Amino acid sequence: NKADSAPSATTSGSFHGEDTNETSQYDEPLSIDKKQPPVSSSANEKQHGRWGQMIGNLVGKARTKLAIVGGMEMEQTPDDALFEEFDAYTVQLEANIKILAKEATALNQTTSSRATNLEHMGAAFAALGQYKVADATVKTSSATLFTKLSEHFTSWAKHSVHLTKDEKLYLDDPFQELARDVQALKIAMQRRKEALYEYTRKATMGKNKMTQLDKLKDTPNVNHDKLDQLEGELQGLKEEGIVSWNELDVISKRIQRDMDRFRLEFHEKMRRAMEQYTQIQTESCQILLDDWRRLAPHVKLEEDDNADEEGGGEEGQAEPSSNGDGGEAKPDSSEPVTAAV
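On a predicted model such as this, the values are computed, not experimentally measured, just so you know.

Draft legend 1. Here's a closer look at the packing of helix α2 (residues 80–128) against helix α3 (residues 143–217). Where α2 contacts α3, the axes come no closer than 7 Å and their chain directions differ by 165 degrees. The orientation of α2 relative to α3 falls into the category roughly antiparallel. Crossing geometry of α2 relative to α3 is assigned as left-handed. Residues that form the contact of α2 with α3 fall into these classes: 29 nonpolar, twelve polar and eleven charged.

Draft legend 2. Layout of the environment of Lys158. Within the element layout of this structure, Lys158 appears in helix α3. Residues Lys158 and Ala115, spaced 43 residues apart in sequence, show a C-alpha to C-alpha distance of 6.9 Å.

Draft legend 3. Just the packing of α2 against helix α4 (residues 224–299), in detail. Following both chains from N to C, one finds α2 and α4 inclined at 30 degrees, their axes separated by 13 Å at the closest point. With respect to α4, the element α2 is oriented roughly parallel. For the element pair α2 and α4, the recorded crossing hand is left-handed. Contacts between α2 and α4 involve Leu82, Phe83, Glu85, Phe86, Tyr89, Leu93, Ile97, Leu100 and Leu107 from the first element and Ser252, Ile255, Gln256, Met259, Phe262, Arg263, Phe266, Met270 and Tyr277 from the second.

Draft legend 4. Geometry of the pairing of strand β1 (residues 130–133). For β1 and strand β2 (residues 136–139), the ladder comprises four bridges, and the chain directions are antiparallel. By the bridge assignment, Lys132 is partnered in β2 with Thr137. Hairpin connection of β1 to β2: two residues between the antiparallel strands, including Ala134 at a positive phi of 60 degrees.

Draft legend 5. Here's a closer look at the packing of aromatic side chains. Across all of its chains, the model carries seven aromatic pairs by this definition. Between Phe83 and Phe86, the aromatic rings sit 5.3 Å apart at their centres with planes inclined by 80 degrees, giving edge-to-face as the arrangement. Taken as a pair, Phe83 and Phe86 lie in helix α2 at a separation of three residues, close to a single helical turn. For the residue pair Phe83 and Phe86, the accessibility class agrees, reading buried in each case. Aromatic ring contacts, followed pair by pair, group Phe125, Phe153, Trp156 and Trp292 into a single cluster. Against the face of Tyr89 rests Arg263, its NZ or CZ located 4.2 Å from the ring centre.

Draft legend 6. Structural detail: the nonpolar core. Grouped together as the largest cluster of nonpolar side chains are 28 residues, with contacts concentrated most on Leu93, Phe175, Leu185, Ile255, Met259, Phe262 and Phe266. Considering each element in turn, this core owes the most residues, eleven residues, to α4. When residues no more than four places from it in sequence are discounted, the contact partners of Phe266 are Leu93, Ile97, Leu178 and Val182. The next biggest cluster of nonpolar side chains, apart from the first, holds nine residues, and it includes Phe146, Trp156, Ala157 and Leu295.

What counts as what
Residues numbered from 1 in each chain as written. Predicted model: local features only at pLDDT ≥ 70, side-chain atom pairs only at ≥ 80, totals over all residues. Heavy atoms only, no water. Axes fitted to C-alpha atoms, helices over the stretch in contact; angles between N-to-C directions. Helix = DSSP H or I, 4+ residues; strand = E, 2+ residues; numbered from the N terminus. Parallel < 35°, antiparallel > 145°, perpendicular 65-115°, else oblique. Left-handed = near helix turned anticlockwise from the far one by under 90°. Nonpolar A, V, L, I, M, F, W, Y, C, P; charged D, E, K, R; others polar. Contact = heavy atoms within 4.5 Å. Pairing = 2+ DSSP bridges. Phe/Tyr/Trp six-rings, centres within 6.5 Å; stacked < 30°, edge-to-face > 60°. Buried < 20%, exposed > 50% of the residue type's maximum accessible area, 1.4 Å probe, protein only. Lys NZ or Arg CZ within 6 Å of the ring centre and 35° of its normal. Core = buried A, V, L, I, M, F, W, Y, C linked by side-chain atoms within 4.5 Å.

As far as function goes, none of this settles anything; it's purely spatial.
Have a look at this one:
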């Protein structure tokens, strides 16, 4: 059916209110699917019957996915344009949150590895300042410098350990949670596609049955038993179509109601995570800056206080003389004048 011929949708509740009295297995908040309980069977049900039911369910699900992925033409609904926009938003969101979640984990692992690297460097610097001869420990002339370097790198290592925990808490974990939220949204959108496919399938079967019924009515000497059978089957398909539409309608209204809230919550979770991450990075950078400034005097090259004591001029360079009248000194006419190269 076209959009204008689809069954009318029921009135949805308020943003935080209840839906209509229609209930459905899909009538639940956006969340990752929980495992459905196994289909109950009687004690005397045969094993091959259970396997047959399981295989039938798997085939049905596979057929649904193939139809959706294959771009099967679905029945039109009044909300098609809106859900096309929802679908594009979900695809873009999923692609980018996957990158952010992956790289946040990698960044946290890098900080953890850096802490280990710095700890090893601190120990190595400490060892550079001394060595053992027999049972005696001898300190080198650079022991003071290497001790300061060891203290700095060891302190930086400890700070990186704390930073690793903070990054996990304020960046990695929030991004993983956001990725799960997007996955839940994707599942909800997939549910609607499956419900739309089921409604389309029932509608198509009804159309085909109607075509058969019309042909049978035009047949001379119509078989009334066959006619009654087709009419009964058509009525059953119409009833099943109404049920399928109601399921689709419930899912559609649930997604529409939750989508605005989802976007607001996603924005706020991302903003809060980055606010906290900015704060810990600002504090971390300040701590490191202070540490480097404390280390700087110990690694700075000492200036030679005796350098350039003799007037600060270049060695062998003569001081300019005056001709007595304040003018520039003139060369002695008895000496040759050599141009500066």
